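Secondary and tertiary structure notes
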Amino acid sequence: MKDSLKNIVVIGDRVLIKPLEQSNRTGGGLYLPPSVQEHDAVHTGIVVKVGPGFPIPANQDSDSIFRSEAAEQVNYVPLQVREGDEALYLHANAHELEVNGERYVIIAQNSILLVMRNELPDMDMPDLNEL
């Protein structure tokens, strides 16, 4: 899968996601046709590639923004999403594409509601049982 995506460059705050298969049953045991599942509001998938982030000028001098050399120097505010994260995203904002027979979606980071990752950064989190 990675070999087929090596020539794809994700731009800006965009994220490339491999959608996970959804259950074709409701909680009550009814089977849903694929057309109903595809139009659900929220989907899950695995983040395959992420863009560099939100572009910001390298030099914050107001006069340098209009000079041509300032356009060549760009810094990025990195995205919170990382490759390998499982993402819960809004399907309405997704653009579907197919690469070598595999289905993917590309979305802006702000369409991702949350991510689940195996390792979490070291943070002083309160014990919820003590609250």
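Residues numbered from 1 in each chain as written. Predicted model: local features only at pLDDT ≥ 70, side-chain atom pairs only at ≥ 80, totals over all residues. Heavy atoms only, no water.

1. Focus on the side chain of Lys-18
Mapped onto the fold, Lys-18 is located in strand S1 (residues 14-19). Engagement of the side chain of Lys-18 in a polar contact is seen with the side chain of Glu-102, the distance being 2.8 Å. One polar contact links the side chain of Lys-18 to the main-chain carbonyl oxygen of Arg-103, over a distance of 3.4 Å. (Helix = DSSP H or I, 4+ residues; strand = E, 2+ residues; numbered from the N terminus. Polar contact = N/O pair within 3.5 Å; in protein donor to acceptor, adjacent residues only side chain to side chain.)

2. Focus: the sheet that holds strand S8 (residues 112-116)
Overall, antiparallel pairing links the 6 strands, which are arranged S6-S7-S1-S2-S5-S8 in an open sheet. Sheet topology places strand S6 (95-99) and S8 at the edges, where each strand pairs with a single neighbour. In this sheet, neighbouring strand axes are inclined to one another by 40 degrees on average, regardless of whether the strands run parallel or antiparallel. Bridge count for strand S5 (residues 86-90) against S8 is 4 bridges, and the pairing is antiparallel. Note on S8: the bridge partner recorded for Tyr-89 is Ile-112. (Pairing = 2+ DSSP bridges. Axes fitted to C-alpha atoms, helices over the stretch in contact; angles between N-to-C directions.)

3. Thoughts on unusual backbone geometry
Residue Asn-100 is not a glycine yet carries a positive backbone phi of 50 degrees. Looking at where Asn-100 falls in the secondary structure, it is placed in the loop between S6 and strand S7 (102-108). What makes Asn-100 exposed here is its relative accessible area of 62%. (Buried < 20%, exposed > 50% of the residue type's maximum accessible area, 1.4 Å probe, protein only.)

4. Here we look at the environment of Asp-85
Turning to its location among the elements, Asp-85 is positioned in the loop between strand S4 (74-77) and S5. Overall, the relative accessible area of 3% leaves Asp-85 in the buried class. Considered as a pair, Asp-85 and Leu-114 are 29 residues apart in the sequence and their alpha carbons are 9.6 Å apart. Not counting the four nearest positions on each side in its chain, Asp-85 is found in contact with Gly-45, Ile-46, Val-47, Gln-80, Val-115, Met-116 and Arg-117. Of the polar contacts made by the side chain of Asp-85, one reaches the side chain of Arg-117; its length is 2.6 Å. (Contact = heavy atoms within 4.5 Å.)

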